[in-house]
Amino acid sequence: AILYIHPTMKTTTASPATKTAAASTKTTKKKKKHIFKKKIPQKGDPDYLSPTQLRNRRKRNAKKKGNQQPPQQQESSANTAANNSNNKSNEDEELKDPSMKYITYPTKTPIVRTATKYIEALLQSSNNISNTFQVYIGPLYHWRTVSKLAVRPDATDKNKVAIGLFAENSHSLLPVPKCKAHHPSINKVVEVVTNACHELNVIPYESNTADNESKSEEEMGQLRYIGVNVDRSSGGAQVTLVWNGKSGEEDEQLEKLVANILNEMVLCKAEAGEEPPMKRQRRRGRRGDNKEESQSKDNVKKPVSSSSSSNNDSNKVRLHSLWINYNSSWKHSNRIFEYDESCWRHVVGSTSITEYLRFPTTKSEGQKGVANPTPPSYPVPLHFPPTVFRQANLDSFTNIIGRIRERVLQMDEKPFCVELYGGVGTIALNLSDAVSHIVSSDENPNNLKCFQDSVKQLPAEIQPLLDYKQKNAADMVTSESDLFQKCDLLVLDPPRKGLEDEVVDYLCKGHCSSIKLLVYVSCGFQAFQRDCDALLASGRWRVEFAEGHVLFPGSDAVETLAFFVPK
């Protein structure tokens, strides 16, 4: 055989080293094919990191890289950080605010997880159609329309006041001048009162410590707390100054403080509260007819004044009313208000805030899954002076009442209802058209007038169906046996401590055989769990339905609504 080699072709002989390198390359390629991906650590593994820990590690690595950047890149990074300084300060302020501790995941707080695990187990054991404990939440910010804030010496200057919240499990005050949970009117009132105190050298109340143990009550300070309730319709603030003194005693400093606040705020005109949720009336005639009437209405809605005083007033904080609460109680007491009638002084403005609940009438109006019951055919006014309890998040609490109303309307006949811990009748009055008769009750003596004032504004045929008894829950179950023999529907809305022992015993020992539906609204889950265990252990009740509502986004709290029915 003859081998012909073209002139353009070159022949080379591979050296041993080249052959070895080529062989090793092939071996490496084969090895790569057998490399497996690293297993991701799971919960319980020693190397497992939570999403928060992973995020923090990425931040640390990014920070290290930033420190190793050339000078020019470091300068640009500094400019970027300067531009974001406002956002960072807002985040820091939010983290310091004790009421915003869990705002990142408000429906995943420890108490919500505990409640979900406990209640879903109950629902499953009861063989209910739905075993899910659904938790609802409204707006995250500006929802709070009721706030009681402590007044204490400023940490940097003991002669100045600081207004805010106590840190968790302590008496250390954290000023919250721009609290994101607060309705804007509350933050404005805090600013006005703070400036007035500084201008007049008002002495803030001191927390009880070893340093002032020997001080008398008069030496502890002047202004103890401020309470602010907001009228949702006007934004006007119902302000209460809690003064360390006794009613009837003249106090020049207090009168100066009142005058200063009134000068910095504009008093709302006397109003009947938010416009009742009535159906819109059909318009008669063509648009533009009756121009005089429409023009007069426009003038009422948008008053126009050329005077400089009206322009100044438009920039001031709206004041619904101003009150003084004289609280000279023992310095070791944690009580904010003195509820004795003689300790209250109404300075100016309306005597109460009037509120109307607005139920979502269609699924598109409210949150997904919340109740959308048929609302009452008439407006139901609720009256709230500062001397009574009012829900801080009335918008979200409306969803709870809506679910109760939805369930009551499903009962075969209109029930005879008894309500314990009724307050001013927030729940009862909004069930007034769905029951045959209702008796509400509460121990606060200031609630009765509020309830009666509301009843007077209801239709004439509804008024005789509503009664109120000024008694605590324990007295009701021990002294009103005739009422409970007729009771088909029992509504319980206790404070955070839960039901009294007398109420639990009454429900567990079979004295309430007529009750077809027991409604329990709880704001303290540990107490609810205790009471629920007792009811179920009696063998007389089972849980028909339960859901949760986060009324205080950012806090470790959940409002629990549960329906119990006889076994």
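The structure this text deals with has already been given above.
Residues numbered from 1 in each chain as written. Predicted model: local features only at pLDDT ≥ 70, side-chain atom pairs only at ≥ 80, totals over all residues. Heavy atoms only, no water.

## Overview of the environment of Gly-236
Next up, step 1: Along the polypeptide, Gly-236 turns up in the loop between β5 (223–230) and β6 (237–243).
Next up, step 2: Take Gly-236: its relative accessible area is 0%, and that puts it in the buried class.
Next up, step 3: Through-space distance from the C-alpha of Gly-236 to that of Leu-319 is 4.9 Å; in sequence the pair is 83 residues apart.
Next up, step 4: Every residue in contact with Gly-236, bar those within four places of it in the chain, is listed here: Asn-229, Val-230, Asp-231, Cys-268, Arg-318 and His-320. (Helix = DSSP H or I, 4+ residues; strand = E, 2+ residues; numbered from the N terminus. Buried < 20%, exposed > 50% of the residue type's maximum accessible area, 1.4 Å probe, protein only. Contact = heavy atoms within 4.5 Å.)

## What about helix α5 (residues 110–125)?
Next up, step 1: Along its 16 residues, α5 runs 23 Å from first to last C-alpha, staying within 8% of the 22 Å computed at 1.5 Å per residue.
Next up, step 2: Of all the residues in α5, the buried ones are Ile-111, Val-112, Ala-115, Tyr-118, Ile-119, Leu-122 and Leu-123. Looking straight down α5, one finds its buried side chains confined to an arc of 140 degrees; they lie on one side. The exposed set on the far side of α5, more than 90 degrees from its buried face, consists of Arg-113, Lys-117, Gln-124 and Ser-125. (Expected span 1.5 Å × (residues − 1). Arc of directions from axis to C-beta.)

## Here we look at a positive patch on the surface
Next up, step 1: Residues Arg-55, Arg-57, Arg-58, Lys-59, Arg-60 and Lys-64 make up a contiguous surface patch of positive charge.
Next up, step 2: Topologically, Arg-55 is positioned in helix α2 (residues 51–67).
Next up, step 3: On the basis of relative accessibility, which here comes to 33%, the residue Arg-55 falls in the partly exposed class. (Patch = residues over 30% accessible without salt bridge, like charges linked within 9 Å, V, L, I, M, F, W, Y side chains within 5 Å. Areas by Shrake-Rupley, 256 points an atom, 1.4 Å probe, with all protein chains shown as cover. Salt bridge = Lys/Arg side-chain N within 4 Å of Asp/Glu carboxyl O. Lys, Arg positive; Asp, Glu negative; His and termini not counted. Charge placed at Lys NZ, Arg CZ, Asp CG, Glu CD.)

## A look at a negative patch on the surface
Next up, step 1: A contiguous patch of negative charge, built from Glu-443, Asp-475, Asp-501, Glu-502 and Asp-505, is present on the exposed surface.
Next up, step 2: Along the chain, Glu-502 turns up in helix α14 (residues 501–508).

## Some thoughts on the packing of α14 against helix α15 (residues 525–537)
Next up, step 1: Where α14 contacts α15, the two axes come as close as 9 Å, and the packing angle between them is 25 degrees. Put simply, α14 runs roughly parallel to α15. The way α14 lies across α15 gives a crossing that is right-handed. Contacts between α14 and α15 involve Val-504, Leu-507 and Cys-508 on the former and, on the latter, Asp-531, Ala-534 and Leu-535.
Next up, step 2: Looking at the contact of α14 with α15, its residues break down into 5 nonpolar, no polar and 1 charged. (Axes fitted to C-alpha atoms, helices over the stretch in contact; angles between N-to-C directions. Parallel < 35°, antiparallel > 145°, perpendicular 65-115°, else oblique. Left-handed = near helix turned anticlockwise from the far one by under 90°. Nonpolar A, V, L, I, M, F, W, Y, C, P; charged D, E, K, R; others polar.)

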